Amino acid sequence: LGFRVVLSDRSSKALFENGMETIPSESVCYPAKLVHGHIMNLVEKGIDTIFYPCIPYEKKVDDKADNHYNCPIVTSYAEAIKNNMDILKHRKIKMLTPFLALDNVDKLRKRLVDEFKAYHISHKEIKAAIDYALNEEKDFRVDLEQKAVEVLRYLNETGKRGIVLAGRPYHIDPEINHGIPEVITTYGMAVLTEDSISNLGKLDRPLRVVDQWMYHSRLYKAAAFVAKSKNLELIQLNSFGCGLDAVTTDQVQEILNANGKIYTVLKIDEISNLAAARIRIRSLKAGLDERARNDYKSNGKTAEYKSIAFTKEMKKTHTILAPQMSPIHFDFLQDVFNASGYRFVALPSVDKNAVDEGLRYVNNDACYPSIIVVGQLMEALKSGEYDLNNTSVMISQTGGGCRATNYIGFIRKALKDADMAHIPVISLNYMGIEKNPGFNITPQLINRAMMAIVYGDLFLNILLRVRPYEKIKGSSNVLYENWREKCRPSIISGNHKEFKENIRNIVDEFDKIEINNIKKPKVGLVGEILVKFHPTANNSIIDILESEGVEAVMPGLMDFFLYCAYNNNFKSEFLSGSMKSKILGNIAIKVMEYYRKELKDALKASKRFDAPRTIKELAEEASKLLSLGNMTGEGWFLTAEMIELIESGVPNIVCMQPFACLPNHVTGKGMIKTLKELYPLSNIVPIDYDPGASDVNQLNRIKLMLWAAFENIKDEDNQKEDVKTFVDNIIKTS
């Protein structure tokens, strides 16, 4: 295409340290931290344009895989770079960060033509360049795989061993792998990469997990090949803070262990001391030598996982348990499912015992929400309250690139480990990820669910707005409890007239509650969906804030579903999404907005409440800071919620995320610096939640934010007093 291509220097500790001050999240993985150093290195070379594309989807390497996402950091870390490295703006360096679809060549061509329009590059030139690149990639893959065949032949002829050092593409960087390949070869073992032999693997499917990330599809096939190979073993490299590997490590171990292989994982970060890695590698070699002396034979089992379907017969007799997420919403969802013919129990808000239960069954590197979800279910199943032969569990799946889609895999592993593998796990999703003959999402169920979510959002809005100011303590909760019971019949019947009347009357009665005419700081609550809504996950942050004398403001649940539907517009226009999905997504938005129209009208007409914005308005605001291609987890919607809060008079915000929540590194922590620049009075504190996180540390950070919030209110009052005094003096002297 006629460009002069300049690469950054090889990774090094000095290069990392050169960009370290611009890293927005201390818990992001080392490869992401290194990016800051590489960008700084390019800046120092005098580059005026940097091409750093965002790639949500890779090419699908296995047609049987469930999806082909990239990890959220690989997908869009360019957004964090763009919003945190001021030197790019100061030097007026152009950052090209388009979201591209590698799984659709036609769309890729179109996107690159649009992206390079300013350089007057024709469609013909772009097509030729892409074709050349694809052929080069194909040739590289052939060379790599042929070399692997040579190594395998050598190992078979000599009787030596080989290690498949499995990881992600960036693990080939010597600064990231810290020379582990060379350490392995000193023990007389050859080293192969997982992508050099994954084409040889025949994987028993279905897997226990959802195979949704492309690198992992390759990893699982490589593990399957190693599992059947006499002279190959596998070591998996795992970067500290890589939340996705909480899914992969367990699955790879199951594939290897089913065939009697030893599984070894090495966790690595910026610390280059290899003592622990050497010990693990020597231990693996010693174990292999011992097996060779004893002529160990593999048992040759399969790692295929057979899920238990929820049948029509089960619908009549089974109790369905669902983990709690948002008590104010799930209280009504229980009525939704029971009225639709199911025996449904939304588990109550949990205590720390459920967290401990989750830690017994879930990989410790898994995110806090997955630990809470599994812990709730296992605690309930082991309580003796339910007949385990007539009990099923349910979990929602969005089908996105976040770990949440794999909660179902965590649950199934826990059930298997607890000898409860016979219990069906029902996936609640709208994409048809899994099908169960006994469970159907009917129009009647959708109707009731929409009403339940609107009721939950309404109570969340008005209760938090009134309770901190009520003259009669407890009056807001009493009114809420009264209306909560009055709302149930309309959900059960699905009656829209009663539903609308209830909304108007609820707003009217909460509008009339006597409140004190005082001013308190408002604190917005945003973040990962379960940590945001679940009292146990966020250490009852609403209670903490109200006890400190402030008003908590939490955006509703319906907006998240609107965001999911709205994403189909971007996928259709810029990625490989279909026009059909776009149309269906926009229809879904209209349906959801129809259900909450009465809520918005009633709130707008009230004296003290504010109505939520449309999802299109939120998207337009967010797109000023980042691309709407950030669709993993809460994605751009998280940034949009912070903007909405600030612009509606809530400058104080707690951004809550589980430790190692990958999307939040970009759209949460990664956007705070830019938000503070755009809104100088904004007061945002990110808080990580995790079973091992210090409650005291969290509370101290929140109190520091509150101190600033109270100081800002004092400043506002002083300014008003100064203006009043000035006006009074003018009146006196006139």
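Everything that follows concerns the structure shown earlier in this document.
Residues numbered from 1 in each chain as written. Predicted model: local features only at pLDDT ≥ 70, side-chain atom pairs only at ≥ 80, totals over all residues. Heavy atoms only, no water.

Explain the pairing of strand β5 (residues 162–166) residue by residue, including any values.
With 5 of its 5 residues buried, β5 lies for the most part within the structure. Burial along β5 is two-sided: the residues G162, V164 and A166 and I163 and L165 are all buried. For β5 and strand β6 (residues 190–193), the ladder comprises 4 bridges, and the chain directions are parallel. Note that in β6 the partner of L165 across the bridge is T193. By the bridge criterion, 5 bridges tie β5 to strand β7 (residues 232–239) in an arrangement that is parallel. Bridge pairing links L165 to I235 in β7. (Buried < 20%, exposed > 50% of the residue type's maximum accessible area, 1.4 Å probe, protein only. Helix = DSSP H or I, 4+ residues; strand = E, 2+ residues; numbered from the N terminus. Pairing = 2+ DSSP bridges.)

Just give me the short version of the sheet that holds strand β9 (residues 319–322), but keep the residues and values in it.
The pairing of strands in a sheet comes from backbone hydrogen bonds and takes either a parallel or an antiparallel form. What the 4 strands build is an open sheet, ordered β10-β9-β11-β12; its pairing is parallel. In this open sheet, the two strands that pair with only one neighbour each are β10 (343–346) and β12 (425–428). With strand direction ignored, the average angle separating the axes of adjacent strands in the sheet is 30°. Looking at chain direction, β9 and strand β11 (residues 391–396) are connected through 3 bridges and run parallel. Among the inter-strand pairings, T319 is bridged to a residue of β11, identified as T391. Here helix α14 (residues 327–339) sits on the sheet and contacts β10, β11 and β12; the angle it forms with β10, its principal contact strand, is near 175°. (Axes fitted to C-alpha atoms, helices over the stretch in contact; angles between N-to-C directions. Contact = heavy atoms within 4.5 Å.)

Pulling in residues and values, what's your account of unusual backbone geometry?
Each neighbour pair has its own omega, and for R205 with P206 the value is 0°, a cis peptide bond. Positive phi is not limited to glycine here, since D295 has a value of about 55°. As for its position among the elements, D295 is in the loop between α12 (275–293) and α13 (312–317). Backbone geometry places S540, a non-glycine residue, at a positive phi of 55°. The exposure class assigned to S540 is partly exposed, which follows from its relative accessible area of 27%.

Explain the pairing of strand β8 (residues 263–268) to me, using residue names and the numbers behind them.
Sheet topology note: the β7/β8 ladder contains 6 bridges and is parallel. Bridged to N238 within β8 is K267. With helix α11 (residues 245–257) bridging β7 and the parallel β8, this β-α-β connection has right-handed handedness. (Right-handed = clockwise from strand over helix to strand, strands pointing away.)

Explain the packing of helix α20 (residues 496–511) against helix α24 (residues 579–605) to me, using residue names and the numbers behind them.
Contact geometry of α20 with α24 gives a least axis separation of 9 Å together with a crossing angle of 25°. Judged by the angle between their axes, α20 and α24 are roughly parallel. Considering only the axes of α20 and α24, their crossing is right-handed. Of α24, the residues touching α20 (which contributes H496, F499, K500, I503, R504 and V507) are Y594, Y595, E598, L599, A602 and L603. Of the residues that constitute the contact of α20 with α24, the class distribution is 8 nonpolar, 1 polar and 3 charged. (Parallel < 35°, antiparallel > 145°, perpendicular 65-115°, else oblique. Left-handed = near helix turned anticlockwise from the far one by under 90°. Nonpolar A, V, L, I, M, F, W, Y, C, P; charged D, E, K, R; others polar.)

Explain the environment of N84 to me, and be specific about the residues and the numbers.
When you line up the elements, N84 lands in helix α3 (residues 72–84). On the accessibility criterion, N84 (5% relative accessible area) is buried. Considered as a pair, N84 and K673 are 589 residues apart in the sequence and their alpha carbons are 6.6 Å apart. Residues within four places of N84 in sequence aside, it is in contact with T22, P24, G670 and K673. Engagement of the side chain of N84 in a polar contact is seen with the backbone oxygen of A80, the distance being 2.7 Å. In this structure the side chain of N84 is engaged in a polar contact, spanning 2.8 Å, whose partner is the backbone oxygen of G670. (Polar contact = N/O pair within 3.5 Å; in protein donor to acceptor, adjacent residues only side chain to side chain.)

Quick rundown of the sheet that holds β7? Include the residues and the values.
Spatial ordering of the open sheet is given by β6-β5-β7-β8, a layout of 4 strands whose pairing is parallel. Both outer strands of the open sheet, β6 and β8, are each paired with one neighbouring strand and no more. Ignoring which end each strand starts from, the neighbouring axes of this sheet average 30° apart. Sheet strands in contact with helix α6 (residues 123–158) are β5, β6 and β7, and its direction is about 150° off that of β6. In the packing of α11 onto the sheet, contacts are made with β7 and β8, and the angle to β7 comes to roughly 170°.

Lay out the packing of aromatic side chains with the relevant residues and their values.
Inspection of the entire model under this criterion finds 23 aromatic pairs. For the ring pair F3 and F116, a centre distance of 5.7 Å and an interplane angle of 45° mean the geometry is tilted. Here F3 is found in the segment before α1 (13–19), whereas its partner F116 is found in the loop between α5 (105–115) and α6, with 113 residues between them in sequence. By relative accessible area, F3 is classed as partly exposed at 41%. Centroid distance F560 to Y563: 5.7 Å. Interplanar angle 50°. Geometry classified as tilted. You can see F560 and its partner Y563 sitting in helix α23 (residues 558–574), 3 residues apart, about one turn around the helix. For the pair shown, F560 and Y563 are each scored as buried. Pairwise contacts between aromatic rings join F560, F561, Y563, Y566, W636 and F637 into one cluster. If you follow K315 out to its NZ or CZ, it ends over the ring of Y342, 4.6 Å from the centre. (Phe/Tyr/Trp six-rings, centres within 6.5 Å; stacked < 30°, edge-to-face > 60°. Lys NZ or Arg CZ within 6 Å of the ring centre and 35° of its normal.)

Residue-level account of the side chain of N630, with values.
Along the polypeptide, N630 turns up in the loop between α25 (615–622) and α26 (635–647). A residue is classified by how much of its surface remains accessible, and N630, at 3% relative accessible area, is buried. Reaching out from N630, the side chain makes a polar contact with the backbone oxygen of S627 at a distance of 2.8 Å. Those residues within four positions of N630 in sequence are excluded, and the remaining contacts are S76, E79, F99, Y563, G635, W636, V666 and T667.

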